[in-house]
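# Structural characterization, general
One letter stands for each residue in the lines below.
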Amino acid sequence: TSMAALDQACRDHGFFLLSGHGLDDLIARTFEAGRRFFASDQSVKDAIRRDAANPLGYNDRELTKRKRDHKEVFDFIDPVQGRARHYNRWPDVEGFYDTMVEHYEACSDLALRTSDLVLSALGLPDAAIAPYGGDRTTSNMRINHYTVGDPLAEDERDGLAELADVALGQHTDLGLVTLLIQDDVGGLQAESTEHGWIDVDPRPGTIVVNLGDSMQVWTNDRYRAAMHRVKPMTTSTRMSIPYF
């Protein structure tokens, strides 16, 4: 059955694909808004740059395992609910804010349904699952823009951590589940217990789900937090949109 296949995927590598979610139009608009932001003048990005007082906004110096990623990012948290929304910083890009609010709403709903699905695959009854849906106000969303080579100009690299060998170093995510939407470029890899590193190729109309550390803890290691990485971009940039 499909639930048996889901259970097996969660045990082996912690990744699966969601289709039939009905969000294709919204996803296309979110990518378009993200492209406009990353293509905007550097002053637009600098105006909302991450700093010591606030981890949200724009950052082109992200580290994974103390090495610099080949990417620039924009981070925000629940824009509607919770105290923390006051930390969000928004770029001066027309329509960007409205699209991100709509996307966050849709992903918050989908994340609840997805975590229910994963817990159902464990064979748990509905009553046992009910208290463990997760909380949208503890979630966050990011837009990644993977560059070809170093995201920083040569004169900006002095004194910074060295650039990683891969675009994004291997790691697991925090939390329960991550909903990852990737464009058509490819490069994402997951580590399978059985097969080693496997490509998670882009498939139109699908959202990549990967399990996080909390899910592995909750299931007493029966399900795996997905170990993943991104290969370097060689010819074109790549965008992805994770909801954690």
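See the structure shown above.
Reference entry: report on the structure contained in this document. (Residues numbered from 1 in each chain as written. Predicted model: local features only at pLDDT ≥ 70, side-chain atom pairs only at ≥ 80, totals over all residues. Heavy atoms only, no water.)

### Regarding helix H2 (residues 24–38)
Taking 1.5 Å per residue, 15 residues should reach 21 Å; H2 reaches 21 Å between its end C-alpha atoms and fits that length. The set of residues buried in H2 consists of Leu26, Ile27, Thr30, Phe31, Ala33, Gly34, Phe37 and Phe38. Axial view of H2: buried residues confined to an arc of 165°, hence all on one face. (Helix = DSSP H or I, 4+ residues; strand = E, 2+ residues; numbered from the N terminus. Expected span 1.5 Å × (residues − 1). Buried < 20%, exposed > 50% of the residue type's maximum accessible area, 1.4 Å probe, protein only. Arc of directions from axis to C-beta.)

### With respect to the nonpolar core
With 43 residues, the main nonpolar core has Phe16, Phe37, Phe96, Leu179, Ile207 and Leu211 as its most contacted residues. Counting residues per element, this core draws most heavily on helix H4 (residues 96–121), at 10 residues. Beyond its immediate stretch of four places on either side in the chain, Ile207 contacts Phe16, Leu17, Leu18, His21, Leu23, Ile27, Leu110, Leu179, Leu180 and Ile181. Formed by 12 residues, the second largest nonpolar core is a distinct cluster that contains Phe15, Ala190, Val208 and Met233. (Core = buried A, V, L, I, M, F, W, Y, C linked by side-chain atoms within 4.5 Å. Contact = heavy atoms within 4.5 Å.)

### A closer look at unusual backbone geometry
Apart from glycine, the bulk of residues carry a negative phi angle, and the bulk of peptide bonds sit in the trans form. One non-glycine residue, Asn220, lies in the positive phi region at around 50°. The class of Asn220 is exposed, set by a relative accessible area of 69%. One non-glycine residue, Asp221, lies in positive phi territory at about 70°. Secondary-structure assignment places Asp221 in the loop between helix H6 (213–218) and strand S12 (228–230). Since its relative accessible area comes to 56%, Asp221 is described here as exposed.

### Quick notes on the side chain of Arg136
Within the secondary structure, Arg136 sits in the loop between helix H5 (126–129) and strand S6 (140–146). Residue Arg136 is classed as buried on the basis of its relative accessible area, which comes to 16%. Of the polar contacts made by the side chain of Arg136, one reaches the side chain of Glu105; its length is 3.0 Å. The contact partners of Arg136, leaving out residues within four places of it in the chain, are Asp78, Val80, Gln81, Tyr104, Glu105, Ser108 and Tyr243. (Polar contact = N/O pair within 3.5 Å; in protein donor to acceptor, adjacent residues only side chain to side chain.)

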